[in-house]
There are 2 protein chains.
Amino acid sequence: MDQVQPSSELERQRFAAVGRALADPKRLCVLECLARGEQSVGDLSAQVGCQVPNMSQHLAVLRSAGLVTSRREGTTIYYRLADPRVLEAYQLIQTFAR
Amino acid sequence: MDQVQPSSELERQRFAAVGRALADPKRLCVLECLARGEQSVGDLSAQVGCQVPNMSQHLAVLRSAGLVTSRREGTTIYYRLADPRVLEAYQLIQTFAR
DNA sequence: CACCTTGTTGCGCAACTGCGCAAGTGTTGA
DNA sequence: TCAACACTTGCGCAGTTGCGCAACAAGGTG
């Protein structure tokens, strides 16, 4: 269970993309917001405290790393966590980040 | 257990520092190497395939994020993972990184 | 002491990031 | 068809990052 299998360079690039997605306080704030459930872009930008275009860009980073997915309903787009393990990983990081 | 408590801006900056440390393929490679045990800077730079100064800078990023610690023995400095949860988090990320 | 080995630090540069702002896309309703 | 709303995309700029290279620091050895 503690076995660590080496990754290929290509795999590590995908993992690093997840790291980059987690590398910004505002994006982490988005994850915390989405932990409470689905949210629209406007809602998220208000809670995080940034402009809508900026939030859209942050969401694009999270989406391309596969951490969130979106769903359209009329003109509104709702984002949610793509996988519960995303939150698990974030919470695990919180336990040892000094 | 699925409760998500909001973090302060300052806390999120520390968590984001961990994210940044995980945001580079070479640094992830270092973590994989260190999963097999303590390693010197020279050993790591050889395995990762970069120059020693470059490795030293990557290790500084990992160290300032609290992911690794070092120990000096003569002129050689050995690095190791600071906490087993670091590896746990990395492995967890690997499970959902698409 | 001089000299070697092992790491770290400083510097300059190309590449990337986060941001604000303006413009564009797409969906709804009058 | 036109206007309004919700979001995305393009662009430019300041700040950051990763890298190679040279210089420096620290320990060990003769």
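Quick note: structure is the one above.
What counts and how
- Residues numbered from 1 in each chain as written.
- Chains lettered and ligands numbered in written order.
- Predicted model: local features only at pLDDT ≥ 70, side-chain atom pairs only at ≥ 80, totals over all residues.
- Heavy atoms only, no water.
- Least-squares fit on C-alpha atoms with pLDDT ≥ 70 in both.
- Contact = heavy atoms within 4.5 Å.
- Core = buried A, V, L, I, M, F, W, Y, C linked by side-chain atoms within 4.5 Å.
- Buried < 20%, exposed > 50% of the residue type's maximum accessible area, 1.4 Å probe, protein only.
- Helix = DSSP H or I, 4+ residues; strand = E, 2+ residues; numbered from the N terminus.
- Expected span 1.5 Å × (residues − 1).
- Arc of directions from axis to C-beta.
- Near = heavy atom within 4 Å.
- Polar contact = N/O pair within 3.5 Å; in protein donor to acceptor, adjacent residues only side chain to side chain.
- Nonpolar A, V, L, I, M, F, W, Y, C, P; charged D, E, K, R; others polar.

A.B. asks: Sorry if this is basic, but what is going on with the relation of the copies chain B and chain A here?
C.D. replies: Taken together, a rotation about one axis and a shift along it account for how the two chain copies relate. Of the transformation placing chain B onto chain A, the axial shift is 0.0 Å and the rotation is 180 degrees, giving an RMSD of 0.0 Å. Read as a symmetry element, the transformation amounts to a two-fold axis. Judged by C-alpha distance, Gly19(B) is the residue of chain B that lies nearest the rotation axis, at 2.4 Å. A symmetric contact is evident, with 100% of the interface residues of chain B recurring at the interface of chain A.

A.B. asks: It is not clear to me how the nonpolar core should be interpreted in this structure. Could you clarify?
C.D. replies: Core analysis: the biggest nonpolar cluster contains 64 residues, and Leu67(A) and Leu67(B) have the highest contact counts within it. Among residues more than four places away in sequence, those in contact with Leu67(B) are Phe96(A), Val18(B), Ala21(B), Leu22(B), Leu62(B), Arg80(B), Leu81(B), Ala82(B), Asp83(B) and Val86(B).

A.B. asks: Would you take a moment to explain helix α4 (residues 52–64) of chain A for this structure?
C.D. replies: In an α-helix there are 3.6 residues to a turn, and that puts residues three or four apart on one side. Residues and elements named next belong to chain A. The terminal C-alpha atoms of α4 lie 18 Å apart, and with 13 residues this matches the ideal 18 Å at 1.5 Å per residue to within 8%. Those residues of α4 that sit buried are Met-55, His-58, Leu-59 and Leu-62. In a view along the axis of α4, the buried residues occupy a sector of 100 degrees, so they form one face of it. For α4, exposure combined with an orientation more than 90 degrees from the buried face picks out Pro-53 and Gln-57. Looking at the buried positions of α4, the neighbouring elements they touch are α1 (9–21), α2 (25–35), α3 (41–48), β2 (68–73) and β3 (76–81). Positive phi appears at Gly-66, one or two residues downstream of α4, with a value of about 80 degrees.

A.B. asks: Explain the protein's contact with DNA strand C to me, please; I cannot follow it from the model alone.
C.D. replies: In the region of DNA strand C, 23 residues are neighbours, and Lys26(A), Arg27(A), His58(A), Ser56(B) and Tyr79(B) sit closest. Considering DNA strand C, the proportion of its atoms within 4 Å of the protein that are sugar or phosphate atoms stands at 71%. Contact distances for DNA strand C include 2.9 Å between a phosphate oxygen and a side-chain N or O atom of Tyr79(B). Put simply, the parts of the chain that give the surface near DNA strand C at least two residues each are α2 and α4 of chain A together with α3 (41–48), α4 (52–64) and β3 (76–81) of chain B. Within the surface near DNA strand C, the residues separate by chemical class into six nonpolar, twelve polar and five charged.

A.B. asks: Hey, could you run me through the protein's contact with DNA strand D in this one?
C.D. replies: Close to DNA strand D lie 22 residues, the nearest being Gly42(A), Ser56(A), Tyr79(A), Arg27(B) and His58(B). Backbone sugar and phosphate groups make up 73% of those atoms of DNA strand D lying within 4 Å of the protein. Elements that contribute at least two residues to the surface near DNA strand D include exactly α3, α4 and β3 of chain A together with α2 (25–35) and α4 of chain B. Broken down by class, the residue content of the surface near DNA strand D amounts to six nonpolar, twelve polar and four charged.

Geometric descriptors of this kind do not, in isolation, establish any biological role.
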